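In case you want the letters, here they are:
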Amino acid sequence: MSEILDIARLGHSVLRQPAEAVQNINNPRIQTLIDNLIVTAAEARGVGIAAPQVACTSRLFVIASRPSERYPHAPSMQPTAMLNPRILARSEAMEKDWEGCLSVPGVRGLVPRSREIEVEYCDRHGNLQKDILTGFIARIFQHELDHLDGILFIDRLESSEDRFTETEYQKIIIDC
Ligand code: ZN
């Protein structure tokens, strides 16, 4: 049975530690961690979650975009585990859009990210995958990859005016 894990919150030192490459993807501990991340993200209505957020310093995250009250306009996809992920290339075009983080509850921000990225990662079966991601999924990938390097979305804000409470964010997106 998968287990819902406790999420580390802003101020917990694990969120600032660089994560280490996953050596053995078939390790049952890693496979269980992936299953637990998937149920933990679903329960918290997150569209992604990285291992450091549950106090595991392994380079892996899960992207699980789906519409919810936290992200009403999110595209739907199957939860996908990405291990040892890397960005191979990024578009020059940047885009500012909304982000939040399960580790930073109650805060939203307009974060600049590359609009399109070429990425590489191992899937949970150990197969190397290459993909081109755009828009919201590219944004999630960049947000989660930052977690593996100890960076939070609030570090990326260009201005204090780009920082909102969850309540103000909800008022704004309801009109979109
Ligand atoms: Zn996050």
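Because the structure is a prediction, the values reported are computed rather than measured. (Residues numbered from 1 in each chain as written. Predicted model: local features only at pLDDT ≥ 70, side-chain atom pairs only at ≥ 80, totals over all residues. Heavy atoms only, no water.)

K.L.:
So what about the coordination of the zinc ion? Which residues, and what values?
P.N.:
The protein atoms donating to the zinc ion are Cys101 (SG), His143 (NE2) and His147 (NE2), with metal-donor distances spanning 2.0 to 2.3 Å. Read in sequence order, the donor residues coordinating the zinc ion give the pattern C-x41-H-x3-H. Residue histidine 143 and its partner histidine 147 are both found in helix α2 (residues 135-148); the two are separated by four residues, about one turn of the helix. Taking relative accessible area as the criterion, histidine 143 reaches 7% and is therefore assigned buried. (Donors = N, O, S within 2.8 Å, 3.2 Å for Na, K, Ca; no water. Helix = DSSP H or I, 4+ residues; strand = E, 2+ residues; numbered from the N terminus. Buried < 20%, exposed > 50% of the residue type's maximum accessible area, 1.4 Å probe, protein only.)

K.L.:
Requested: an account of the sheet that holds strand β4 (residues 94-99), with residues and values cited.
P.N.:
Overall, antiparallel pairing links the three strands, which are arranged β4-β5-β8 in an open sheet. Both edges of this open sheet fall to β4 and β8 (163-165), since each of them pairs with a single strand only. On average, adjacent strands in this sheet sit at an angle of 30° to one another, irrespective of strand direction. Relative to strand β5 (residues 107-114), β4 runs antiparallel, the two being bridged by six bridges. From the neighbouring strand, lysine 96 faces β5, where its bridge partner is proline 112. (Pairing = 2+ DSSP bridges. Axes fitted to C-alpha atoms, helices over the stretch in contact; angles between N-to-C directions.)

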